Amino acid sequence: MSIDIDTARKVAHLARIAVAEEDLPELAKDLSGILTFMEQLNEVDVDGIEPMTSVTPMRLKRRVDAVTDGGYQDKILSNAPDAREGFFAVPKVVE
Amino acid sequence: MSLNTLTISAARDALRAGETTSVALTEACLSAIEGAGVLNAFVHKTPEIALDQARAADARIKAGDAPAMCGIPLGIKDLFCTKGVASQAASNILEGFKPEYESTVTQNLWDAGAVMLGKLSMDEFAMGSSNETACYGPVVNPWKVDDVQRTPGGSSGGSAAAVAADLCLAATGTDTGGSIRQPAAFTGIVGIKPTYGRVSRWGVVAFASSLDQAGPMTKSVRDAAIMLGTMCSHDPKDSTSADIPVPDFEAALTGDIRGKKIGIPKEYRMDGMPAEIEKLWAEGTAMLKDAGAEIVDISLPHTKYALPAYYVVAPAEASSNLARYDGVRYGHRAKLGKGDGITEMYEKTRAEGFGPEVQRRVMIGTYVLSAGFYDAYYNRARKVRALIKRDFDQAFAAGIDAILTPATPSSAFGLGEMAEADPVEMYLNDVFTVTVNLAGLPGISVPVGLDSKGLPLGLQLIGRPWEEGDLLNHAYVLEKAAGFAAKPSKWW
């Protein structure tokens, strides 16, 4: 399967990574190369095979449904590029 | 002999005997680090923290309360979150990030009295095999045999270079497709990736969550056993962490593997494999046979599909994990133009913050997970993964105790040598190691010899799940038989 420039542009947008128009052909070529490499998987007969989930079957642990952590808003915000009045700040989202 | 060249076990014994102090060990390492700037291994140094921890360790040793790792100076891969200390995953997108919390693995080490010298470079978000994708610039392999500067491998390249150059006694690494074992082999040290779930992933920056596992990178197999024991624990904060007891790995090093069955998988004999690698593998096989093990030819028929399966599963998980870098909660945010909204903020931030290889993998992952392709790529790869694991299960069910393979397809290559190569060519570095991550098994790289240029080569042993002790014992026998004692000559 080869990726054309329109698909590369769409994937970049889905991944929320800005890619300049002039860089799209190179990106499409790189992605196509990697996908061609993956095509080998089509040779394998996977009928009736369950996807692998863990090394040894493990039941997920349960715990009491109780608050065990939290209450440190300042720490949560301490690394934010823009925090104001106890909130993360972002560009205007709604008009 | 300077103190920074000691192994963990030698330092532990000297500390307990009162022959040296943690402060002296730490100072020796700090001065070695100061003199090794050209290697570019340590990227965030923490001498004040180190000396405080060393003084505390000395007090503990004096009081007779000294776990094995007490007072041992370590380097920490930049992927581990360390409280109040830059933890950047070698990415510009985490520039300035100082976690408010400590990863479980590093906390376990500090609780045992270990000392943090600083943070070590790596490939950005652990994506790479040469340490050239780091935002700090490449790390240089201390092994230098001509005028070429070589890669220490990746992604734990800073850890490997620092241990090989005696800048620390040992280091933490992480391994998603071979990122502990390949750099260990390239630098002549020992590196073990434990069974998936042995070590908590909490506080380790996530790359591909179903494959990531931390482990020690050390100067000897005994050191790997000691340090791994301290890193392991059941952790309620990681739902995939195994709730099983952690045995005394060092006690498993009996040096006796008589009657054990060693599998030699025919599929690892790749077309075009260099004669030197083939020869090393045969020598390693002979060493284990001489030690009384039985050598058995085995088949792992799905081996050739491991790399393509890995390069679906890992980027898919990465695209999901790296969605959190959005310029809102931590790290870099792009400067916005007039009229830019939140979508432009995401797109510009991620374009500026992620390097080319990370962008490529996030986009591949996005593509294989997108509507219409999920079954064709991602689910198919997960099924192939189940078949790869079944190959190993069948070998172990037939009585195989450990599997011996080469660790890497070559010795360390020159920095920049792969710059023009197709991304897929770089991925081939993981060809012998990636099966182990997909199957969740423990694997260890042991230095066994030098190639004709004088560069180190390693072999890999693969063990049964949860039997790191037995695996380490096999590695211990191989290490003793190989008698690898070469060190890089100091040129830096």
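Along every chain, residues carry numbers that run from 1 in the direction the sequence is written. Throughout, the order in which chains and ligands are written sets their labels, letters from A for the former and numbers from 1 for the latter. With the structure being a predicted model, the display of local features is reserved for residues of pLDDT at least 70 and the display and counting of side-chain atom pairs for 80 or more, all residues being used for whole-chain, interface and lining totals.

Asker: Talk me through the overall build of chain A; I want residue IDs and the actual numbers.
Answerer: For the purposes of this entry, the term helix denotes a DSSP run of H or I that reaches at least four residues, the term strand denotes a run of E that reaches at least two, and both are numbered from the N terminus. The helix and strand inventory of chain A stands at 3 helices and 2 strands. Ordering the α and β elements of chain A from the N terminus gives α-α-α-β-β. What you see for chain A is a C-alpha radius of gyration of 23 Å, clearly larger than the 12 Å of a compact globule of 95 residues, by over 25%. Oriented by its inertia axes, the alpha-carbon framework of chain A measures out at about 55 × 45 × 25 Å. Across the 95 residues that make up chain A, the buried fraction comes to 16%. Radius of gyration: C-alpha atoms only; globule rule: 2.2 Å multiplied by the number of residues to the exponent 0.38. Every C-beta atom is placed from the backbone, and the number of other C-beta atoms within 10 Å of a residue's own sets its class: buried at 20 or more, exposed at 12 or fewer, partly exposed in between.

Asker: Explain the overall build of chain B to me, using residue names and the numbers behind them.
Answerer: The number of helices and strands found in chain B is 15 helices and 11 strands. A globule of 492 residues ought to have a C-alpha radius of gyration of about 23 Å, and chain B, at 21 Å, matches this closely. If one aligns the C-alpha atoms of chain B with their principal axes, the spans along those axes are about 70 × 55 × 50 Å. Looking at chain B as a whole, 61% of its 492 residues are labelled buried. Each residue is represented by a C-beta atom placed from its backbone, and any two residues with such atoms within 7 Å are regarded as in contact. For chain B, the proportion of contacts with a sequence separation of at least 24, taken over those separated by at least 6, is 77%.

Asker: Break down the interface of chain A and chain B for me, with residues and values.
Answerer: Each partner contributes to the interface: chain A provides 38 residues, whereas chain B provides 54 residues. Going through the elements one at a time, helix H1 (5-14) and helix H2 (24-38) of chain A are the ones with two or more residues in the side of chain A that touches chain B. The greatest single-element share of the side of chain A that touches chain B, amounting to 6 residues, is contributed by H2 of chain A. Residues are sorted three ways: Asp, Glu, Lys and Arg are charged, Ala, Val, Leu, Ile, Met, Phe, Trp, Tyr, Cys and Pro are nonpolar, and all the rest, Gly among them, are polar. Of the residues that constitute the side of chain A that touches chain B, the class distribution is 25 nonpolar, 5 polar and 8 charged.

Asker: Describe in detail the pairing of strand E7 (residues 261-265) of chain B, supporting the description with residues and values.
Answerer: Residue and element names in this part refer to chain B. Each pair of strands is called paired provided DSSP finds at least two bridges between the two strands. The pairing of E7 with strand E8 (residues 294-298) spans 5 bridges and is parallel. The residue of E8 that forms the bridge with isoleucine 262 is isoleucine 295. A crossover counts as right-handed when, viewed with the strands pointing away from the observer, the path leading from the first strand over the helix to the second turns clockwise. With respect to chirality, the unit in which E7 leads through helix H8 (residues 275-290) into the neighbouring parallel E8 is right-handed. Across 2 bridges, the pairing between E7 and strand E9 (residues 402-406) is parallel.

Asker: Can you lay out the sheet that holds strand E10 (residues 443-450) of chain B for me, pointing to particular residues and giving the numbers?
Answerer: Residues and elements named next belong to chain B. Strand order across the open sheet formed by 11 strands is E1-E3-E2-E4-E6-E5-E10-E11-E9-E7-E8, with mixed pairing between neighbours. In this open sheet, the two edge strands, each paired with only one partner strand, are strand E1 (42-45) and E8. Pairwise comparison of adjacent strand axes, ignoring direction, gives a mean angle of 30° for this sheet. Pairing of strand E5 (residues 190-193) with strand E6 (residues 213-218) involves 2 bridges; the strand directions are antiparallel. Of the residues in E6, the one forming a bridge with valine 190 is threonine 218. To obtain an axis, a line is fitted to C-alpha atoms, over the contacting stretch when the element is a helix, and the angle between two such axes runs from 0 to 180 degrees between their N-to-C directions. Relative to the sheet, H8 contacts E7, E8, E9, E10 and strand E11 (456-463), its axis offset from that of E9 by approximately 155°.

Asker: Which residues make up the packing of H1 of chain A against helix H11 (residues 356-369) of chain B, and what values go with them?
Answerer: Where H1 of chain A contacts H11 of chain B, the axes come no closer than 9 Å and their chain directions differ by 100°. Viewed along their axes, H1 of chain A and H11 of chain B adopt a mutual orientation that is roughly perpendicular. Contacts between H1 of chain A and H11 of chain B involve Val11, Ala12 and Leu14 of chain A from the former and Met363, Thr366 and Tyr367 of chain B from the latter. In terms of residue class, the contact of H1 of chain A with H11 of chain B is made up of 5 nonpolar, 1 polar and no charged. Throughout this description, any angle smaller than 35 degrees is read as roughly parallel, any larger than 145 degrees as roughly antiparallel, any in the 65 to 115 degree range as roughly perpendicular, and the remainder as oblique.

Asker: Report on the environment of valine 38 of chain B, specifying residues and quantitative values.
Answerer: All names here are of chain B. Secondary-structure assignment places valine 38 in the loop between helix H2 (22-34) and E1. Judged by the 11 C-beta atoms lying within 10 Å of it, valine 38 is exposed. Other than its neighbours up to four places away in sequence, valine 38 contacts Val140 and Trp492.

Asker: Outline helix H15 (residues 468-482) of chain B, supporting the account with residue identities and numerical values.
Answerer: Residue and element names in this part refer to chain B. A helix is expected to span 1.5 Å multiplied by its residue count minus one. The terminal C-alpha atoms of H15 lie 20 Å apart, and with 15 residues this matches the ideal 21 Å at 1.5 Å per residue to within 8%. Along H15, the positions that sit buried rather than exposed are Glu468, Gly469, Asp470, Leu471, Leu472, Asn473, His474, Ala475, Tyr476, Val477, Leu478 and Glu479. Looking at the packing, one finds that the buried side of H15 touches helix H7 (221-231), H8, E9, E10 and E11. Just beyond H15, the residue with positive phi is glycine 483, at close to 55°.

Asker: Could you give an account of H11 of chain B, naming the residues involved and the relevant values?
Answerer: End to end, H11 of chain B covers 20 Å across 14 residues, agreeing with the expected 20 Å (1.5 Å per residue, within 8%). With 10 of 14 residues buried, H11 of chain B is to be regarded as a mostly interior element. If you check which residues of H11 of chain B are buried, you get Val358, Gln359, Arg361, Val362, Met363, Ile364, Gly365, Thr366, Tyr367 and Val368 of chain B. Contact partners of the buried residues in H11 of chain B: H1 and H2 of chain A together with helix H9 (306-321) and helix H12 (374-397) of chain B.

Asker: Break down the environment of glutamate 100 of chain B for me, citing the residues and quoting the values.
Answerer: Along the chain, glutamate 100 of chain B turns up in the loop between strand E2 (73-77) and helix H4 (104-111). Spatially, the C-alpha atoms of glutamate 100 of chain B and tyrosine 268 of chain B are 44 Å apart, while their sequence positions differ by 168 residues. Other than its neighbours up to four places away in sequence, glutamate 100 of chain B contacts Lys75 and Ser78 of chain A together with Lys83 of chain B.

Asker: I'd love a proper account of the confidence of the model for chain B, names of residues and values included.
Answerer: Per-residue confidence for chain B gives a mean pLDDT of 96, with 100% of residues at or over 70. Predicted complex, confidence summary: ipTM 0.95, pTM 0.97. Confidence scores labelled pLDDT are given residue by residue by the predictor and lie between 0 and 100.

Asker: An account of unusual backbone geometry is requested, with residue identities and associated values reported.
Answerer: Note that the residue after glycine 154 of chain B, namely serine 155 of chain B, is joined by a cis bond; omega there is 5°. Tracing the backbone through its elements, the reader meets serine 155 of chain B in the loop between strand E3 (115-120) and helix H5 (157-164). The backbone phi angle of glutamate 85 of chain A is positive, close to 50°, even though this residue is not glycine. For glutamate 85 of chain A, the location among the structural elements is in the loop between strand E1 (83-84) and strand E2 (87-88). For glutamate 85 of chain A, a count of 5 C-beta atoms within 10 Å gives the class exposed.

Asker: Can you lay out the environment of tryptophan 110 of chain B for me, pointing to particular residues and giving the numbers?
Answerer: All names here are of chain B. Relative to the helices and strands, tryptophan 110 is located in helix H4. Owing to 20 C-beta atoms within 10 Å, tryptophan 110 belongs among the buried residues under this scheme. Along the primary structure tryptophan 110 and leucine 461 are separated by 351 residues, whereas in three dimensions their C-alpha atoms are 29 Å apart.

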